[in-house]
Amino acid sequence: MSLLTFFKGYKKFAAFFSVLCIIIITIIYNVYNQKKPLPIWSPENVNAEMVDESIRHVAKYHTIADFSLTNQNGKTITQDDYKDKIYVADFFFTTCQTICPIMTDHMYQIQKEIISDDDVMLLSHSVTPVKDSIPVLKAYAEKKGVIDRKWNLVTGEKKQIYKLARKSYLAVKEDGNGDIYDMIHTENFLLIDKKRQIRGFYDGTQSEDIERLLEDIETLKAFGGS
């Protein structure tokens, strides 16, 4: 066999081997970079300090309870307004001078990112509903650039908000001295899926966590929102 014949055969083999390698590398890349489902959080998996004692044993099937609250425009907001939506929830109060301004700024950043996404909304609960009346929330919303169709700031009966915080969102510490500031809220942002399940906890004061939250929203959408 001449050298020319040998090299022609070698070139064919090299071409085949190169294509095969590209296919294998592509498969490996896709396997390792395939989005994985987000975890589903239940009371048993969360810091007990954030969870009402009556449900700390619950290991699965935990969902956000029905609610009826009032937003910055005086409109009644219920779970139906968030039906078939992915949403980010948090707890704040308008006169907070520590973590709340940072959290609100970050929620505004999320609002900008999801502004054209009809599947995603925001929901912020006041932990001082007596002070955070509708006019107060409206003024705060205008100051912070809240877009009504994307983001509801809600107030209502303190008992209901506290129950939601402790028994649904698992996001608020034990109450304090019984005055209007006794709901010790945290910096947590919660990612809720279309089945009203908790899919992630994020530090609303940290830019890195906001980026992770936005990435997780995309992951959740890749799985149909639940």
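Remember, predicted model here, so these are calculated numbers, not experimental data.

(A) Quick peek at the nonpolar core. Ranked by internal contacts, the top residues of the largest apolar core, which has 55 residues, are Tyr87, Ile110, Tyr169 and Phe189. Per-element tally for this core: the top contributor is strand 3 (residues 86-92), with six residues. Discounting chain neighbours no more than four positions away, the residues touching Tyr169 are Ile64, Phe67, Tyr87, Ala89, Phe91, Leu123, His125, Leu164, Leu190, Ile192, Ile198 and Phe201.

(B) Main features of unusual backbone geometry. Of note in the backbone geometry, Leu170 takes a positive phi value of approximately 55 degrees without being a glycine. Looking at where Leu170 falls in the secondary structure, it is placed in the loop between helix 4 (158-168) and strand 6 (188-192). A positive phi is found at Arg196, a non-glycine position, where the angle reads about 65 degrees. Looking at the secondary structure, you find Arg196 in the loop between strand 6 and strand 7 (198-203).

(C) Spotlight on the sheet that holds strand 5 (residues 151-154). Taken in spatial order, the five strands make up an open sheet running 5-4-3-6-7, and their pairing is mixed. Of all the strands in the sheet, the pair left with one neighbour each is strand 5 and strand 7. Ignoring strand direction, the axes of neighbouring strands in this sheet form an average angle of 20 degrees. Bridging between strand 3 and strand 4 (residues 120-126) involves seven bridges; their strand directions are parallel. Bridging across to strand 4, Asp90 finds its partner in Ser124. Here helix 2 (residues 100-114) sits on the sheet and contacts strand 3, strand 4, strand 5 and strand 6; the angle it forms with strand 4, its principal contact strand, is near 160 degrees.

(D) Broad picture of the pairing of strand 4. Of all seven residues that make up strand 4, seven are buried, and the element is covered over most of its length. The alternating pattern of strand 4 places Val120, Leu122, Ser124 and Ser126 on one face and Met121, Leu123 and His125 on the opposite face, and all of these are buried. Taking the sense of rotation as the criterion, the β-α-β connection linking strand 3, helix 2 and strand 4 turns out right-handed. Pairing of strand 4 with strand 5 involves four bridges; the strand directions are parallel. For Ser124, the partnering residue across the bridge sits in strand 5 and is Leu153. In this fold, strand 4 hands off to helix 3 (residues 134-144), which returns the chain to strand 5; that crossover is right-handed.

(E) Structural context of the pattern of salt bridges. This model, assessed by the stated rule, comprises seven salt bridges. Between Asp117 and Lys221 there is a salt bridge, with its nearest N and O atoms 2.5 Å apart. Highlighted residues: Asp117 in the loop between helix 2 and strand 4 and Lys221 in helix 5 (residues 207-222), separated in sequence by 104 residues. Classification of Asp117 as buried rests on a relative accessible area of 14%. The class of Lys221 is partly exposed, set by a relative accessible area of 30%. A salt bridge links Asp209 to Arg212; its shortest N-O distance comes to 3.3 Å. Taken as a pair, Asp209 and Arg212 lie in helix 5 at a separation of three residues, close to a single helical turn. With a relative accessible area of 18%, Asp209 lands in the buried category.

(F) Highlighting the confidence of the model for the protein chain. Looking at the protein chain, pLDDT values average 87 and 80% of them are 70 or higher. The low-confidence segment residues 25-33, where pLDDT is below 50, has zero contacts with residues more than four positions distant or belonging to other chains.

What counts, and where the lines are drawn
All residue numbers refer to positions counted from 1 along the written sequence of the respective chain. Owing to the predicted nature of the model, reporting of local features is limited to residues with pLDDT of at least 70; listing and counting of side-chain atom pairs is limited to 80 or more, with chain, interface and lining totals taken over all residues. Note that the side-chain values use all heavy atoms of the structure and ignore hydrogens as well as water. We define the nonpolar core as a collection of buried residues of types Ala, Val, Leu, Ile, Met, Phe, Trp, Tyr and Cys that are connected through side-chain atoms lying within 4.5 Å of one another. Any residue under 20% of the maximum accessible area for its type is buried, any over 50% is exposed, and the rest in between are partly exposed; the area is computed with a 1.4 Å probe on protein chains only. The way it works is that DSSP assigns letters per residue, a run of H or I at least four long becomes a helix, a run of E at least two long becomes a strand, and they are numbered from the N terminus. We call two residues in contact when some of their heavy atoms are within 4.5 Å. In short, DSSP must find at least two bridges between two strands for them to pair. Between the N-to-C directions of two axes lies an angle of 0 to 180 degrees, each axis being a line fitted to C-alpha atoms and, for a helix, fitted only over the stretch in contact. Crossovers are marked right-handed if the path from the first strand over the helix to the second runs clockwise, as seen with the strands pointing away from the viewer. Whenever a carboxyl oxygen of Asp or Glu lies within 4 Å of a side-chain nitrogen of Lys or Arg, that contact is scored as a salt bridge. What pLDDT reports is the predictor's confidence in each residue, on a scale of 0 through 100.

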